[in-house]
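Tertiary structure, described
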Amino acid sequence: QVQLVESGGGLVQAGGSLRLSCAASGIIFSFYHVHWYRQAPEKQRELVATITSSLNTNYADSVKGRFTLSRDNAKNMVFLQMNSLKPEDTATYYCNVERFGNSYWGQGTQVTVAS
């Protein structure tokens, strides 16, 4: 059974930092690409950052230079370091792993940035 568990969300002041984690089990994690999405109330889910199985990263323009995505395959985990947070970063953040036609989602973690 595949399971993804996100953690690290919370309430932070604008300009602050948070580090989100996603722990995976039930898959050969290193084979999978990992994405972080976010969804704010009444908005569509948007792709924030990607790290591939070969460690290539890509970021949405809105977070480029502020967010850093990394992975530790030995621990089956990914980390989204979020710096210089803005109120518009407020959303539920979801971890997604996908490859080989399979896609798995975590339950999400709430990030709230106060102005």
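First, a word on scope: everything that follows refers to the structure included in this document.

Next up on the list: the state of the cysteines. Considering all chains together, one arrives at one disulfide under this definition. Paired through a disulfide, C22 and C95 show a sulfur-sulfur distance of 2.2 Å. Note on the C22 and C95 pair: the S-S dihedral is about -80°, so by sign convention the disulfide is left-handed. Placement of C22 in strand β3 (residues 18–25) and of C95 in strand β9 (residues 91–99) is noted, with a sequence separation of 73 residues between them. Both residues of the pair, C22 and C95, belong to the buried class.

Take the environment of S30 next. Structurally, the position occupied by S30 is in the loop between β3 and β4 (33–39). Take S30: its relative accessible area is 29%, and that puts it in the partly exposed class. Between the C-alpha atoms of S30 and K75, which are 45 residues apart in sequence, the distance is 9.9 Å. Filtering out sequence-adjacent residues up to four positions away, S30 remains in contact with S53, R71 and N73.

Let's shift gears to the pairing of β9. Among the nine residues in β9, seven count as buried, and that is most of the element. In this sheet, β9 lies alongside β4 in antiparallel orientation, the contact comprising seven bridges. Its bridge partner being in β9, H33 is matched across the sheet by E98. Pairing geometry for β9 and strand β11 (residues 109–114), over three bridges, is antiparallel. Note on β11: the bridge partner recorded for Y93 is T109. As defined by bridge partners, β9 adjoins strand β10 (residues 102–105) across four bridges and the pair is classed as antiparallel. Directly across from N96, in β10, lies its bridge partner W105.

Reading the values: the criteria
- Residues numbered from 1 in each chain as written.
- Predicted model: local features only at pLDDT ≥ 70, side-chain atom pairs only at ≥ 80, totals over all residues.
- Heavy atoms only, no water.
- Disulfide = S-S within 2.5 Å.
- Helix = DSSP H or I, 4+ residues; strand = E, 2+ residues; numbered from the N terminus.
- Buried < 20%, exposed > 50% of the residue type's maximum accessible area, 1.4 Å probe, protein only.
- Contact = heavy atoms within 4.5 Å.
- Pairing = 2+ DSSP bridges.

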